[in-house]
Amino acid sequence: MTTNTPTTNTSSTSTPTADALNNELQALQAQHIELVNESMNHAGYFDGKESHFKLTIVSDAFEGKRLVARHQLVYALVNSLLTSQGGQIHALAIHAYTPTEWQGQSPESPLCAGQNKG
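So, here is what we can say about the structure in this document. (Residues numbered from 1 in each chain as written. Predicted model: local features only at pLDDT ≥ 70, side-chain atom pairs only at ≥ 80, totals over all residues. Heavy atoms only, no water.)

1. Points about the overall build of the protein
Argument step 1. Secondary structure summary: the protein contains two helices and three strands in total.
Argument step 2. Taken over 118 residues, the protein has a buried fraction of 38%.
Argument step 3. Within the protein, residue pairs in contact and separated by at least 24 positions form 69% of the contacts whose partners lie at least 6 positions apart.
Argument step 4. As displayed, the protein has an accessible area near 6700 Å², and 50% of this comes from carbon and sulfur atoms. (Helix = DSSP H or I, 4+ residues; strand = E, 2+ residues; numbered from the N terminus. Buried < 20%, exposed > 50% of the residue type's maximum accessible area, 1.4 Å probe, protein only. Contact = heavy atoms within 4.5 Å. Areas by Shrake-Rupley, 256 points an atom, 1.4 Å probe, with all protein chains shown as cover.)

As C-alpha cells, this is what we get:
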C-alpha cells in the first residue's frame, strides 16, 4: 500500500537532524517516507542523539535506477548532514523503492557491533 502523504517516524521529540534530513528528501516527491532514529541501538548513545537513521523511501524518482544509483541520489541530497561533511549523521541505512516495488516492507536493522549493553 502506498501512502499519498509522506510520513516521518522519529524516536525523540526534539529532532533537528531528522527534520533537516526529511526536509532535504522532499526534493524526491516521495509517496512514502519512514525515517527512524536508531541511534539508541549504538554505542555512545545519549538522550536526543541523532546519528544513526534508517530510511525507507518510495519515489518515482527511483524508476529505472539500480540500487547504487538510488543511494547516490539520496546521498547527494543529504550530503551536508553527514559527519564526513561536518553534519551529525554517522550512518544512514537506505531502503529505496519505486511505487511498483513497494509492498509496505521496512527491513529490520542488524545489531550494531558496538551497541550499548545496558
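Resuming the write-up.
2. Considerations on the sheet that holds strand 2 (residues 52-58)
Argument step 1. The mixed open sheet is built from three strands, whose spatial order is 1-2-3. In this open sheet, the two edge strands, each paired with only one partner strand, are strand 1 (32-37) and strand 3 (91-97). Here the average twist between neighbouring strands, direction ignored, is 10°.
Argument step 2. Where strand 2 lies against strand 3, seven bridges are found, and the strand directions are parallel. (Pairing = 2+ DSSP bridges. Axes fitted to C-alpha atoms, helices over the stretch in contact; angles between N-to-C directions.)

3. Remarks on the environment of I89
Argument step 1. Positionally, I89 belongs in the loop between helix 2 (67-78) and strand 3.
Argument step 2. Separated by 38 residues in sequence, I89 and S51 place their C-alpha atoms 4.3 Å apart.
Argument step 3. Beyond its immediate chain neighbours, meaning those up to four positions away, I89 contacts T17, L21, E50, S51, F53, L81, L82 and T83.

4. Topic: the packing of helix 1 (residues 16-25) against helix 2
Argument step 1. The contact between helix 1 and helix 2 brings their axes to 9 Å, and the two run at 120°. Between helix 1 and helix 2, the angle is such that the two are oblique. Helix-helix and strand crossings are classified by hand; for helix 1 and helix 2 the assignment is right-handed. Here helix 1 contributes L21, E24 and L25 to the contact with helix 2, which in turn contributes V74, L77 and V78.
Argument step 2. Taken together, the residues of the contact of helix 1 with helix 2 sort by class into five nonpolar, no polar and one charged. (Parallel < 35°, antiparallel > 145°, perpendicular 65-115°, else oblique. Left-handed = near helix turned anticlockwise from the far one by under 90°. Nonpolar A, V, L, I, M, F, W, Y, C, P; charged D, E, K, R; others polar.)

5. Quick notes on the pairing of strand 1
Argument step 1. Judged by how many residues are buried, strand 1 sits mostly within the fold: five of six residues are covered.
Argument step 2. The pairing of strand 1 with strand 2 spans six bridges and is classified as antiparallel. Residue pairing across strands places I33 opposite I57, the latter belonging to strand 2.

6. Focus on the pairing of strand 3
Argument step 1. In terms of burial, strand 3 is a largely internal element, five of the seven residues being buried.
Argument step 2. A crossover connection joins strand 2 to the parallel strand 3 through helix 2; in handedness this β-α-β unit is right-handed. (Right-handed = clockwise from strand over helix to strand, strands pointing away.)

7. Focus on the pattern of salt bridges
Argument step 1. Going through the model one piece at a time under the given rule, you end up with one salt bridge.
Argument step 2. We note a salt bridge from R70 to E101, for which the minimum N-O separation is 2.7 Å. Highlighted residues: R70 in helix 2 and E101 in the segment after strand 3, separated in sequence by 31 residues. (Salt bridge = Lys/Arg side-chain N within 4 Å of Asp/Glu carboxyl O.)

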